[in-house]
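Chain by chain, the residues run as shown.
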Amino acid sequence: QVQFVESGGGLVQPGGSLRLSCAASGSSFSIYAMAWYRQAPGKQRELVATVTRGGSTRYADSVKGRFTISRDNAKNMVYLQMNSLKPEDTAVYYCNTSPTGPWWGQGTQVTVSS
């Protein structure tokens, strides 16, 4: 019912910033809470941030004060603004509904390295 395409990742120095985008296709996007997840090498996938249909947000402790999740229901888009990036933020980042549905995009690689 919903398909996701993530973009905006890349290589950045510690302390730098990136803005990730997620394009969602399918019906009734605006009814779902959305989330960003990430998976670092050798680690399990973890929840990074969520945003409800009404715009309420929640963040993992590790990214509070540094990341901002937002959505544009008219454009079927979800964003993740990442500031003050750290090497431990290096991971493949995915978007999905929250709770997750069965459809996952390809993810976008974020590498933070000096």
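Values in this document were obtained by computation on a predicted structure and should not be read as measured data. (Residues numbered from 1 in each chain as written. Predicted model: local features only at pLDDT ≥ 70, side-chain atom pairs only at ≥ 80, totals over all residues. Heavy atoms only, no water.)

1. Looking at unusual backbone geometry
Residue S98 is joined to P99 through a cis peptide bond whose omega torsion reads 0°. Along the chain, P99 falls in the loop between β9 (91–97) and β10 (108–112). Positive phi, close to 55°, is recorded for N76, a residue that is not glycine. Relative to the assigned elements, N76 resides in the loop between β7 (67–72) and β8 (77–82). With phi around 50°, S84 is a residue other than glycine that occupies positive phi space. Along the chain, the position of S84 falls in the loop between β8 and β9. Note on S84: relative accessible area 39%, which makes it partly exposed. (Helix = DSSP H or I, 4+ residues; strand = E, 2+ residues; numbered from the N terminus. Buried < 20%, exposed > 50% of the residue type's maximum accessible area, 1.4 Å probe, protein only.)

Nothing here speaks to function; it is all geometry.
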